[in-house]
Amino acid sequence: MVSRSYMSLLEFASGDMLNFPQTPRTLPRVMTVPGIISDVDRGASSNEDFDVPSKIREKIIIVANFLPLHAQKDPESGRWCFSFDEDALLLQLKDGFSSDSDVVYVGSLKVDIDAREQEEISQRLLEEFNCVPTFLPPDLQKKFYHGFCKQYLWTLFHYMLPLCPDHGNRFDQMLWHAYVSANKIFADKVMEVINTEDHYVWVHDYHLMVLPTFLRKRFNRVKLGFFLHSPFPSSEIYRTLPVRDEILKALLNADLIGFHTFDYARHFLSCCSRMLGLEYKSKRGHIGLEYFGRTIYIKILPVGIHMGRLESALNHPSSSIKAKEIAEQFKGKKLIIGADDMDIFKGISLKLLAMEQLLLQNQELRGKLVLVQIINPARSTGKDVQEAKRETYMTTRRINAVFGFPGYEPVILIDCKMPTYEKTAYYALAECCIVNAVRDGMNLVPYKYIVCRQGTAKMDEALGIASASPRASTLVVSEFIGCSPSLSGAIRVNPWDIDAVADALNLAITMPDLEKQLRHEKHFRYISSHDVAYWSCSFLQDLERACKDHYSKRSWGIGFGLSFRILSLSPSFRKLSVDHIVSAYKRTKRRAIFLDYDGTVVSQASIIKTPTPEVISVLNNLCNNPENTVFIVSGRGKNSLGEWFDQCENLGIAAEHGYFIRWSRTSKWETNPIATDFDWKRIAEPVMTSYTETTDGSYIESKESALVWHHQDADPDFGSCQAKELLDHLENVLANEPVVVKRGQHIVEVKPQGVTKGLVAEKVLSTMISNGKPPDFVMCIGDDRSDEDMFESISTTSYSLCLPAAPEIFACTVGQKPSKARYYLDDTVDVVILLQGLATASNTKPRLGGCLMQLMVPSEGRMSTWDYGRLESSPTD
């Protein structure tokens, strides 16, 4: 079996079923902010620079490996006949869309079409079914689907590593190229039917995980969703994939990525964190990943079933006839039902072993209990499938030989393609359903079983059941399948624990009737309200929400091949051009320059944290210009910064976020007079120590004014989790202390209130103004959250009101991310290049004694010699 089976809700043959009714329900519109309805189609963007349509005529393009079609060739006429596969998820999800939506399907047919017929077939399918076939060449189809998808990706996503040639197929570069080529063909077909970026594209499952890159490269603002129907493995498994980064980056070209369970989403987010360094944030119930200025949202919602389809099957005359036959065949016996594809992950043999153990431990059940195991046709071929099938038959024969007798077989295998009405009849009569998969994406068999046990009026009449009688059902489900979290009334089991599964089956069949009824009612309420229409409607609404900012930002494509991604920025947020700032620099005469240290002039990733000779040289060039006031503003301690910048005589330094300030090398360190009480350290340090002892790779940095807990060398997931806990813990124990607790990039810091980088900028600028040298050029560059205070301070109007003219202000963050800054630079290399440009543009003049100026110190009433812009401490500070 492959995970395409998760895309088929009923997995039955279509037979001659009647047309089934649509589930006429849409999701309620939810108000997320007072006065604002969270609907994209209720209004246009407020940004007047972009044309956002206020009402979208929805065209939804559904892309999957296979089209929701049956295809059969008439042997006499040789003409192909097509019909919709009513059991296909792709067809059923239309119920969640508005009735006027134009839905187009893109995918492959399940049959080979001669190349001479493909053009004519394509035209027919588009006109009659709104379907666009891909027609992969047979050799490519074999390598793509049966090779990379089935034999490698699918097994890996189900936690089966190819440790040896007899245990799975190892990575093959040729098969990977086939996978990429096939995805490109699918993307080309989508491009044939998409003619505007207002259209929605919904891509399904692991077969097409790199397709988002091809679409995003062609249409930067395409509204693109992806849903994974298989499990997403833990990072320990996923990172064994040689093309792990390529697939992750391709998925991040979608706007919304959907998973059945939180576990699958958590594994994906963990992979993004460990391999790409991306951290997710949760806001108002929505999980988002920031990626090059775009927010990729994560959707967690298990798919549902089509209630109308199942009820139609139950009402079919053949279903009632079959139900009577089953009731007569198993009269006086309790029936347990199992229905699985034949593959190594469905745990069929483990289920049989549990049945054997149950009969061994409970002799009174012999002759009274029957397990009917329906085996759907295998989705794949290979040695593993054949071995699983052989083991299933051997175990069944052994159980029947030991516990059976004439007229009684405890295990009945039905190994053939079963019509829909037969399966619904078995479901309706079984007292218990067991799904024992060792790993599965969703598995909707329990959902179908519950709905069939609820019954319909026609089925009740056929079985002689009063319509008002209470309904009951019991479920035994593996904890490793996607539907397990949503079935809170089921008995969850570890399929590998044979004894525990046997006990669960015994509990299920001996459970009091009232408890069975209560569990059934709980399940049926959930399943009937969370059907396939609810699922698809909810996904599309979240996709609309995820794409609402497409036209309020500017976007550029960057990168090559599968590393292509979109850089998306607001119109007011742009890269700081060296030419632009140099031009402003030359026009001005009184300049203030504030620079963060780590992550700004020295890379965060660098092991060597001391400034390079290049940085020292460029800072000296800037500081030696008498028209410049240059400050390094950092969270580091004063001793480190003072030692590292000892060669920069005229450089101002603000250490520990401004608790210590030195205006030049020859001046003394000033301390912030607000923070004098450090008794809080006796409370905070033991707490930090306990987290350090339990978090390998973390450590405490003790500063004179602050305590910092670092976790950049710890496990990314555990370190982040511990940081959140530590933040909450410190906020509680320090609630009555004059401190603030903040979380930064891989740190948690406790520092006194009133000590911020923003206050440093305010103090320097105010000093320049009071000295009669108001700044006409202010530049601030930083990369961390603490630098946002500086960006805000230099942009405030409180000091600019005292200025004869508004200064040129350049607030610049390092890296593309949400910021109060108007500009960005990509990395520390760009920062140094920009500073070199300014230094070159400086009209350097030699400083005599540090550029002496006569400044009046009002508090002392005398003239004193000071460095311009570097006022030493005075009683008024």
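Placed above this text is the structure.
Caption draft 1: Representation of the sheet that holds strand β15 (residues 369–376) within the structure. Strand order in the open sheet formed by six strands is β16-β15-β14-β17-β18-β19, and the pairing between neighbours is parallel. Whereas interior strands pair on both sides, the edge strands pair on one side only; in this sheet they are β16 (411–415) and β19 (491–493). Across this sheet, the average inter-strand angle for adjacent strands is 20 degrees, counted without regard to direction. Most of the contacts of helix α11 (residues 348–361) go to β15, to which it runs at about 175 degrees, and overall it touches β14 (334–341), β15, β16 and β17 (432–435). Strands in contact with helix α16 (residues 498–510) are β14, β15, β17, β18 (474–478) and β19; relative to β19, the strand with the most contacts, it is inclined by about 170 degrees.

Caption draft 2: Region of interest: the pattern of salt bridges. The full count for this structure, using the stated rule, is 36 salt bridges. Glu192 is the partner of Lys189 in a salt bridge, and the nearest nitrogen-oxygen pair spans 3.7 Å. Within this pair, Lys189 and its partner Glu192 are both found in helix α4 (residues 173–193), separated by three residues, close to a single helical turn. Look at Glu192 and you get exposed, because its relative accessible area is 56%. Through salt bridges with shared partners, a single network forms among Arg216, Asp255 and Arg294.

Caption draft 3: Region of the structure containing the side chain of Asp784. Mapped onto the elements of the fold, Asp784 is located in the loop between β32 (777–782) and α25 (787–795). Although Asp784 is buried, it forms no salt bridge, and the closest oppositely charged side chain is Arg785 at an N-O distance of 5.3 Å. Residues within four places of Asp784 in sequence aside, it is in contact with Gly744 and Gln745.

Caption draft 4: Structural context of the pairing of strand β29 (residues 707–710). Across the two faces of β29 the burial is the same, with Leu707 and Trp709 and Val708 and His710 all buried. Pairing between β29 and strand β31 (residues 747–752): four bridges, direction antiparallel. Paired with His710 across the two strands is Ile747, which belongs to β31.

Caption draft 5: Structural view of the nonpolar core. Within the largest apolar cluster, 105 residues are counted, with the highest numbers of intra-cluster contacts made by Val372 and Tyr426. Contact partners of Tyr426, with chain neighbours within four places excluded, come to Lys322, Ile326, Phe330, Leu335, Ile337, Val372, Ile374, Ile414 and Met418. In this structure, Phe219, Phe232, Ala265 and Phe268 belong to the second largest nonpolar core, which totals 73 residues.

Caption draft 6: Focus on helix α22 (residues 681–694). Over its 14 residues, α22 extends 20 Å from the first C-alpha to the last, a length consistent with the 20 Å expected when each residue adds 1.5 Å. Restricting attention to buried positions, one finds in α22 the residues Lys681, Ala684, Val687, Met688 and Tyr691. Taken around the axis of α22, the buried residues stretch over an arc of 140 degrees, which confines them to a single face. Exposed side of α22, more than 90 degrees from the buried face: Arg682, Glu693 and Thr694 are the residues found there. Looking at the buried side of α22, the elements it contacts are β28 (699–702), β29, α23 (716–733) and β31.

Cut-off values and rules
Residues numbered from 1 in each chain as written. Predicted model: local features only at pLDDT ≥ 70, side-chain atom pairs only at ≥ 80, totals over all residues. Heavy atoms only, no water. Pairing = 2+ DSSP bridges. Helix = DSSP H or I, 4+ residues; strand = E, 2+ residues; numbered from the N terminus. Axes fitted to C-alpha atoms, helices over the stretch in contact; angles between N-to-C directions. Contact = heavy atoms within 4.5 Å. Salt bridge = Lys/Arg side-chain N within 4 Å of Asp/Glu carboxyl O. Buried < 20%, exposed > 50% of the residue type's maximum accessible area, 1.4 Å probe, protein only. Lys, Arg positive; Asp, Glu negative; His and termini not counted. Core = buried A, V, L, I, M, F, W, Y, C linked by side-chain atoms within 4.5 Å. Expected span 1.5 Å × (residues − 1). Arc of directions from axis to C-beta.

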